[in-house]
Amino acid sequence: MPPPGWQFFALFCLRGADGLRILRRSSQLCRDPEMTEPAPSFAADFPTPTREQWLAAVDKALKGAPFDKKLVTPLYEGIAVQPLYTRQDWPAEGDPSGLPGQAPYARGALAAGAGPDGWDICTEHDAADPKAVNDAILTDLMRGATTLLIRVDGVLIRSIDDLDRALKDVLLDLAPVALEAGARAEPATAMLAALWRDRGIAPAQARGAFNADPLGTLAATGALPLPLDEALARMAALATRTAGNWPNVTAVGVDTSPYYDAGATEAQDLAAALATGLAYLRALVGGGLGMHAACRQIAFTFSVGCDQFLSIAKLRAARMLWARVTEACGASPEARAMRIHARTARRILSRRDPWVNMLRTTVAAFAAGVGGANSVAVAPFDAALGPSDDFARRIARNSQILLKEESSLAKVADPAGGSWYVETLTRQLAEAAWTLFQDIEGRGGMAAVLVDGWWAGQLAESWAAREKNIARRRDSLTGINEFPDILEHPVERPSPAFADSVEAETSGCSIPPLPRHRHGESFEALRDAADAHKAATGAWPAVFLANLGCVAQHTARATYAKNFFEAGGIQALGNNGFQDAETCAQAFRDSGARIAVLCGGDAQYEDMAEAFARALKAVGVGTLFLAGNPGEKRDAYAAAGVDCFIAVGGDVLSILRSTLADLGVSV
């Protein structure tokens, strides 16, 4: 639906007296409730096309190209995203997503504690020194943050005094505090509860989350200090104490970040959340809590990527699915509403060209807000490099402030509601996740599939599929496998300083920890190797661009080749082009390069490629590439000396690795 006031904007664009007269008449209608003349409809005179008419127009525009290949986008969940969604894509039985704030709670966070200002702006803290954490916390709170999360395993907090220093001058009756403590959840919880009491915070005033998450800790670290059954029982006891003493605090957290960082698809992430939440619900009820109280003790944390619509659908589907699970368990309607903390995913962050991370995290934050998160944490753009500086933290905070206060995003209950695309994608994603959830339950539940390694295998398969698409640039990463800049000024940060935390005992439960991936890691490894080569030799590994013809004739393929090779840290030596093979061969010899790439249009290849290839081989080109698909000329070009063809869809990562090896760079 267009935003309010769009008619007036359109009327301003009309010319002459007619536009002014209509504008004045529309203004009168807005002011005078007794005037019943309807506002003009600009679409009334246009017929509504049928889907068949639209498909006919599309077929004409595609000129014979396959519809599914050009306009349908496959997702890792097995969902095919169509180019157009209409009412026909929605179930005939009605609206399964409900109303905002009502069951099944897909449409926004109103029923799960979100206030009139929308989601909370959360900042996460893991500096090693409590004083540094306190400085960052106070700065964040004074400049827009509304809630805090402290990673206790990353901060040197051994006592209540340490925690007191980290939270010095923080008004704990106003600022909710969440913990992420891993195997140290119980002692960290005891310290925070003691601090609340020492500062005179009444039980009803304390707000926060203890986030005891034994299954998440096991997945991330591979170890628990207790047998899993005992860890779940102690978690249930903690939840019982919390429910009795701190009415506005949750004890249990379901954090799917370990699975997402290991390569989970959105459907796998949702399935893991459901299976973990159900395991915890069983433990809490088994420990003596009623179903309503048990549901209210569980909060969820999801990592959000930068696929905007898929991320929106993911959070909406999460609420819908959890409402279904808890309804089946007999929970009251109020207890079925999921509380979600969304954080921008670690795996989307790049170390190279980290400025692009500002765009990635802003899209993720937008999706989290629209998707109905109760709180959102945006990672600073330099988070993958080391401890963030004040500028990076400010940009991370301000991205949310802009979304909430300048874009007024939080003032709309469900901004995505009514979009046939988002509603359909939400339903499809929920169905895919539910199937996986049933599979996990059929194998014994989340604990069982973690311990026997089946879940790790599923995540490894998903990551391998994604890595293959990244390697072939089907998944585009700006600044990494697309449009890299090897001459960029690097952003330097000190190496992370980790707290000297107590090692968790592994006698209780031990499995191989899940790996942590970032989308750009494979290409960044090549860039690191090229940097080391430059540091040792004084020059980048390089390829010579043998550009055919004038700039207008070769620039498209030369740009493609430059982006292709510099994604691996191999500098592309450019020029304005050559009209004859001998001049090109001499320029190659003068460049000092050992590898060359023929770059030109199809017409230039037809007329010049074979002669240039022979001339370049004659002066010592070790490997000769040709940029583009050679088609029927492949054999002729190969006979003239072309060793490899680079084109859209090829394995960029593999070619870059072998090229670096040919240039003497150890990867």
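Everything numeric here is computed off the predicted structure, so don't read it as measured data.

Parameters at a glance
Residues numbered from 1 in each chain as written. Predicted model: local features only at pLDDT ≥ 70, side-chain atom pairs only at ≥ 80, totals over all residues. Heavy atoms only, no water. Buried < 20%, exposed > 50% of the residue type's maximum accessible area, 1.4 Å probe, protein only. Helix = DSSP H or I, 4+ residues; strand = E, 2+ residues; numbered from the N terminus. Arc of directions from axis to C-beta. Contact = heavy atoms within 4.5 Å. Polar contact = N/O pair within 3.5 Å; in protein donor to acceptor, adjacent residues only side chain to side chain. Pairing = 2+ DSSP bridges. Axes fitted to C-alpha atoms, helices over the stretch in contact; angles between N-to-C directions. 1 Å grid on protein atoms, 1.4 Å probe; cavity = no way out; pocket = protein on both sides within 12 Å on 5 of 7 lines; lining within 4 Å. Points joined across faces, edges and corners; volume = space filled by probe spheres on them. Nonpolar A, V, L, I, M, F, W, Y, C, P; charged D, E, K, R; others polar. Phe/Tyr/Trp six-rings, centres within 6.5 Å; stacked < 30°, edge-to-face > 60°. Lys NZ or Arg CZ within 6 Å of the ring centre and 35° of its normal.

Trainee: If you had to explain helix α21 (residues 581-591) to someone new, which residues and values would you point to?
Mentor: Among all positions in α21, only Ala581, Cys584, Ala585 and Phe588 are buried. Take α21 and look down its axis: the buried residues cluster within an arc of 100°, on one side only. Looking at α21, the residues exposed on the side facing more than 90 degrees away from the buried face are Glu582 and Asp590. Where the residues of α21 are buried, they touch β13 (542-547), β15 (595-599) and α22 (602-618). Near the N-terminus of α21, the side chain that reaches the backbone nitrogen of Glu582, with its oxygen 3.4 Å away, is that of Asp580. Immediately beyond the C-terminal end of α21, within one or two residues, lies Gly592, with a positive phi of roughly 80°.

Trainee: Tell me about the sheet that holds β13, and name the residues and values.
Mentor: Ordered by their spatial adjacency, five strands build an open sheet running β14-β13-β15-β16-β17, and the pairing between neighbours is parallel. On the outer flanks of this sheet lie β14 (571-573) and β17 (644-646), each paired with one strand and no other. Across this sheet, the average inter-strand angle for adjacent strands is 30°, counted without regard to direction. The pairing of strand β16 (residues 623-627) with β17 spans three bridges and is classified as parallel. What sits directly across from Leu626, in β17, is Phe645. Packed onto the sheet, α22 meets β13, β15 and β16 and runs at close to 170° relative to β15. Contacts between helix α24 (residues 652-662) and the sheet are confined to β15, β16 and β17, with β16 contributing the most and set at about 150° to the helix.

Trainee: Break down the sheet that holds strand β8 (residues 249-255) for me, citing the residues and quoting the values.
Mentor: The eight strands are arranged β3-β4-β5-β6-β8-β9-β10-β11 in a closed barrel whose pairing can be described as parallel. Strand-to-strand, the axes of this sheet are offset by a mean angle of 30°, without reference to chain direction. As paired strands, strand β3 (residues 120-125) and strand β11 (residues 375-377) are joined by three bridges and run parallel to one another. Paired with Asp120 across the bridge in β11 is Ser375. Sheet strands touched by helix α15 (residues 390-406): β3 and β11. Its angle to β3, the strand with the most contacts, is close to 165°.

Trainee: Hey, could you go over the layout of surface pockets for me, with residue numbers and the actual values?
Mentor: Taken as a whole, the second largest pocket spans an internal volume of roughly 950 Å³. Around the second largest pocket, the lining is made up of 31 residues, and of these Tyr76, Arg466, Arg474, Asp475 and Ser476 lie nearest the centre. Of all elements in the fold, only β1 (73-74), α13 (308-328), α14 (356-371) and α18 (454-471) reach the threshold of two or more residues within the lining of the second largest pocket.

Trainee: I'd like a description of empty space enclosed by the protein, backed by residues and values.
Mentor: The final tally for this structure, using the stated rule, is one cavity of 30 Å³ or more. If you add up the space inside the largest cavity, you get close to 50 Å³. Met358, Thr361, Thr362, Val378, Ala379, Pro380, Phe381, Ala392, Ile395, Ala396 and Ser399 together form the lining of the largest cavity. Listing elements by their share of the lining of the largest cavity, those giving two or more residues are α14 and α15. Broken down by element, the lining of the largest cavity gets its largest block of residues, four residues, from α15. Among the residues making up the lining of the largest cavity, the classes are represented as eight nonpolar, three polar and no charged.

Trainee: How would you explain the packing of aromatic side chains if you had to name every residue and give the values?
Mentor: Summed over all chains, the structure comprises 18 aromatic pairs. Ring geometry for Phe300 versus Phe302: centroids 6.3 Å apart, planes at 10°, classification stacked. Each of the two residues, Phe300 as well as Phe302, counts as buried. Ring geometry for Trp434 versus Phe437: centroids 5.1 Å apart, planes at 55°, classification tilted. One end of the pair is Trp434 and the other is Phe437, both in helix α16 (residues 420-442) and three residues apart, which spans about a single turn. A connected cluster of aromatic rings, assembled from ring pairs, spans Tyr560, Phe564, Phe565 and Phe625. Across from the ring centre of Trp119, 5.5 Å away, lies the NZ or CZ of Lys404, which sits over that ring. Here Lys534 stacks its cationic end above the ring of Trp540, 5.4 Å away from the centre of that ring.

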